[in-house]
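Below are the chains, spelled out letter by letter.
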2 protein chains.
Amino acid sequence: MSYDRVAFVGLGLIASSMFWAMRRAGMGAHVTGYARSEQTRATAREIGLCDTVCDDLASAVRAADLVVLCLPVGAMGEVMAELAPHIKPGATVTDVGSVKRAVIEAVAPHIAPGVHFVPGHPLAGTEHSGPRAGFAELFDNRWCLLTPNGADTAAVAQLSDYWQALGAKVEEMDPDHHDLVLAVTSHAPHLIAYTMVGVADDLHRVTNSEVINFSATGFRDFTRIAASDPTMWRDVFLTNKDATLEILGRFTEELFALQRAIRTGDGEMLHDYFTRTRAIRRGIIDAGQDTDAPDFGRKKR
Amino acid sequence: MSYDRVAFVGLGLIASSMFWAMRRAGMGAHVTGYARSEQTRATAREIGLCDTVCDDLASAVRAADLVVLCLPVGAMGEVMAELAPHIKPGATVTDVGSVKRAVIEAVAPHIAPGVHFVPGHPLAGTEHSGPRAGFAELFDNRWCLLTPNGADTAAVAQLSDYWQALGAKVEEMDPDHHDLVLAVTSHAPHLIAYTMVGVADDLHRVTNSEVINFSATGFRDFTRIAASDPTMWRDVFLTNKDATLEILGRFTEELFALQRAIRTGDGEMLHDYFTRTRAIRRGIIDAGQDTDAPDFGRKKR
Ligand SMILES: NC(=O)c1ccc[n+]([C@@H]2O[C@H](COP(=O)([O-])OP(=O)(O)OC[C@H]3O[C@@H](n4cnc5c(N)ncnc54)[C@H](OP(=O)(O)O)[C@@H]3O)[C@@H](O)[C@H]2O)c1
Ligand SMILES: NC(=O)c1ccc[n+]([C@@H]2O[C@H](COP(=O)([O-])OP(=O)(O)OC[C@H]3O[C@@H](n4cnc5c(N)ncnc54)[C@H](OP(=O)(O)O)[C@@H]3O)[C@@H](O)[C@H]2O)c1
């Protein structure tokens, strides 16, 4: 069974990609959307994002069977408090936030009896944001993790079918485990990339134009990661504090061990370490989450 | 003036890319090649890499006007000692090693009077290695840094023309400054990526299959970097020890500051930091070293 009426609250990269993927899948649902700023609503209207773009939250969600919160994690609770009275009984509320425990704590208290809350997180994104950044293929063959936390099984199954129709593979996970897994695979790597780019920017003996021109492989990938939306990432780190700090602690320990190997000239330790990390790459390619095509920074547009 | 006879010593990713780029440019030079293992020589013959693949170093370099050392940095001195007596007067020796001071120290003592030594480093590569990994476009629009260190200016100019014909842009740099710039833009980022992938592999509360399946953006790019050749990278870190350790020290300081901001909930500091790092990305795209196309891990093959 598919949803008849879907409402997107927040009209950025994720919401617009979901909308285009719905259209591509031929879903007949009527789609409403709301964004905080006049400008984003105007852009949405201009590019045909949503059947109806509403100027207020209440009108956007009133008739919806599915309400999707596509906001920065830190904004979810406040916005949910405002829209809660307008959600119809039997509807499902979900979100796409990159952190799950904090979203559950912020949103669940505002969920009325008879409304289903099924938190979710599509593991797909780019370094771009805003309504124009979306595209229908974003979720293809990517995972969407649902953390139902005791939600109604029929509501979970319906949301799972919906995400699969958008191209994603779906798995259920405990919210705390989700936050730990993402701290490893996404949150800590982002902080590390931001840090390295910050160091380069700060180093006066190497000019910024040298950094920019000679960014070669390695650094170039870090700058892409570190170009992601500052608000989104501030919220991710503030709301997934414990897991992120735990992983960064381990990272620092391990980095010290490698630094020591460099200092003492322990080539064998370095070679063994670098050989071990290669295997993980092979696994990711085999799992279809990346291609083996050499990346030399000039992909087809 | 272009070289009549070019010899590649070592037939991996870089040598084979140079060879295909020479062919693409229509250079008429006769190209000889030598690799340490029987297997690599057989592969080179099979794929038509070099006009003549030689079974010994002396035959490969004897007639060459240009000898290109395409070996791991740590192997350059030893191999150069062996081939030095066979290089003809007036010839130019260059290398493509990722570190320059250590290569100069290892190679220069073996350069006979009348032979020109012009160290070089093309800032282009992929995570793949070996003779089959090469392709003609690798150097297009990328920088090749030469660190002539007092070499004959005519020899430097000739090598610069050669690299430009392979598609590269050429700049001269002091070897120590080269090693510092590369520590920032390449060596430290590689060590950091290796470390993060190692942490993920080690963490028993998150399974490897979770890491692999949910690698999303962020971590996925790290695994590509951390899939690079272990021998090459061991040698880079051991031979560019001081600059790498200096940058890693700064990195750790900076990471601690960001960790503290997360721990104390200083969202403003995080937001400002992440906003600043975005500008560098813009600079790299404007400099033509990457595209602005969204990267979501499924580039065209
Ligand atoms: N980008 C990724 O790679 C990615 C991947 C997976 C999950 N996510 C998650 O998806 C969510 C949305 O990300 P996105 O990339 O789609 O973001 P985005 O492109 O920046 O869009 C964010 C939307 O939220 C609205 N918004 C921002 N702050 C708000 C506030 N305080 N109150 C009300 N509305 C507010 C914005 O409205 P205005 O335009 O009017 O300002 C905009 O419509 C985030 O929770 C993020 O963690 C992102
Ligand atoms: N890959 C990059 O991204 C990149 C970018 C710029 C510069 N570089 C530099 O380019 C150089 C070559 O890199 P590459 O990527 O072309 O490497 P590669 O594909 O691994 O090829 C290395 C070649 O060196 C030979 N070799 C290795 N160890 C040797 C030894 N101890 N004695 C004699 N020959 C030995 C190998 O011979 P066998 O095949 O017979 O073992 C092989 O032919 C390195 O100095 C690297 O720092 C690399």
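Residues numbered from 1 in each chain as written. Chains lettered and ligands numbered in written order. Predicted model: local features only at pLDDT ≥ 70, side-chain atom pairs only at ≥ 80, totals over all residues. Heavy atoms only, no water.

1. What to know about the domain arrangement of chain A
Residue and element names in this part refer to chain A. Worth spelling out the cut-off: Those domain boundaries reflect an automatic or database domain assignment. Each of two parts loses accessible area, computed with a 1.4 Å probe, when they are put together; buried area is these two losses added. What counts as a salt bridge is simple: a side-chain nitrogen of Lys or Arg found within 4 Å of a carboxyl oxygen of Asp or Glu. Counted as a polar contact is a pair of N or O atoms within 3.5 Å, where, for protein atoms, one must be capable of donating a hydrogen and the other of accepting one, and residues adjacent in sequence contribute only when both atoms are in side chains. For this classification, Asp, Glu, Lys and Arg are treated as charged, while Ala, Val, Leu, Ile, Met, Phe, Trp, Tyr, Cys and Pro are nonpolar and the rest, including Gly, are polar.
Domains assigned within chain A are domain 1 (5-173) and domain 2 (177-286). In total, domain 1 and domain 2 occlude about 1200 Å² of area from one another, counting both sides; carbon and sulfur atoms represent 69% of this. Summed over the shared surface of domain 1 and domain 2, the result is 0 salt bridges. Scanning the region where domain 1 abuts domain 2 turns up 5 residue pairs in polar contact (both at pLDDT 80 or more). Of the residues assigned to the side of domain 1 that touches domain 2, the class counts are 8 nonpolar, 5 polar and 3 charged.

2. So, the sheet that holds strand E1 (residues 5-9) of chain B
Strand-to-strand pairing in sheets goes through backbone hydrogen bonds, with the strands running parallel or antiparallel. Residues and elements named next belong to chain B. Rules: A pair of strands is labelled paired if DSSP reports no fewer than 2 bridges between them. In this description a helix means any DSSP run of H or I spanning at least four residues, a strand means any run of E spanning at least two, and both kinds are numbered starting from the N terminus. Contacts between residues were defined by any pair of non-hydrogen atoms, one from each residue, lying within 4.5 Å. Lines fitted to C-alpha atoms define the axes here, with helix axes fitted over just the stretch in contact, and angles between the N-to-C directions of these axes take values from 0 to 180 degrees.
One open sheet holds the 6 strands; their spatial order is E3-E2-E1-E4-E5-E6, and the pairing between them is parallel. Each edge of the open sheet carries a strand with a single partner, namely strand E3 (52-54) and strand E6 (116-117). As defined by bridge partners, strand E2 (residues 30-34) adjoins E3 across 3 bridges and the pair is classed as parallel. Its bridge partner lying in E3, Thr 32 is registered against Thr 52. Together, E2 and E3 form the strand contacts of helix H2 (residues 38-47), whose direction differs from that of E3 by roughly 170°.

3. Concerning the sheet that holds strand E9 (residues 169-172) of chain B
All names here are of chain B. The sheet built from 3 strands is open, its strands ordered E7-E8-E9 with mixed pairing. With one partner strand each, in any of the chains shown, strand E7 (120-122) and E9 form the two edges of the open sheet. Across the sheet, the mean angle separating the axes of adjacent strands is 20° when strand polarity is ignored. Examined bridge by bridge, E7 and strand E8 (residues 143-146) share 3 bridges and lie antiparallel to one another. The partner of Pro 122 across the bridge, within E8, is Cys 144.

4. Concerning the nonpolar core
Going by this rule: To qualify as a nonpolar core, a set must consist of buried Ala, Val, Leu, Ile, Met, Phe, Trp, Tyr and Cys residues joined through side-chain atoms within 4.5 Å. Only protein chains enter the calculation, and the probe is 1.4 Å; a residue is then buried if its accessible area is under 20% of its type maximum, exposed if over 50%, and partly exposed in between.
In this structure, Val 9 of chain A together with Val 9 of chain B are the most contacted members of the largest nonpolar core, which totals 146 residues. Sequence-distant contacts of Val 9 of chain A, defined by excluding residues within four places in its chain, comprise Tyr 34, Leu 57, Val 61, Val 67, Val 68, Leu 69, Cys 70, Leu 71, Val 79 and Leu 83 of chain A.

5. A few points about the site of ligand 1
Residues and elements named next belong to chain A. Formally: Near, as used in this document, describes a residue that has one of its heavy atoms within 4 Å of the molecule or strand being considered. Only the protein chains shown count as cover for residues, and all accessible areas are computed by the Shrake-Rupley method using a 1.4 Å probe.
Contacts to ligand 1 come from 27 residues, most closely from Arg 36, Ser 37, Thr 40, Leu 71 and Ser 98. The contact in question runs from an oxygen atom of ligand 1 to an N or O atom on the backbone of Ile 14, over 2.9 Å. Taking Leu 71, its main chain carries an N or O atom lying 2.5 Å from an oxygen atom of ligand 1. Expressed as a share of its isolated accessible area of 900 Å², the protein-covered part of ligand 1 is 85%. For the shell around ligand 1, the secondary-structure elements that each account for two or more residues are helix H1 (13-24), helix H4 (76-83) and strand E7 (120-122).

6. Re the pattern of salt bridges
Counted under the stated rule, the structure contains 35 salt bridges over all chains. One salt bridge connects Asp 176 of chain A with Arg 101 of chain A, and the closest N-O pair in it is separated by 2.9 Å. Of this pair, Asp 176 of chain A sits in helix H7 (residues 175-202) while Arg 101 of chain A sits in helix H5 (residues 101-107), and the two are 75 residues apart along the sequence. Under the relative-accessibility criterion, Asp 176 of chain A is labelled partly exposed at 41%. With relative accessibility at 25%, the residue Arg 101 of chain A sits in the partly exposed group. Close ionic contact of Lys 100 of chain B with Asp 95 of chain B constitutes a salt bridge, the shortest N to O distance being 2.9 Å. Each of the two residues, Lys 100 of chain B as well as Asp 95 of chain B, counts as buried. Beyond isolated ion pairs, a larger network of salt bridges with shared partners links Arg 220, Asp 221 and Arg 224 of chain A together with Arg 220, Asp 221 and Arg 224 of chain B.

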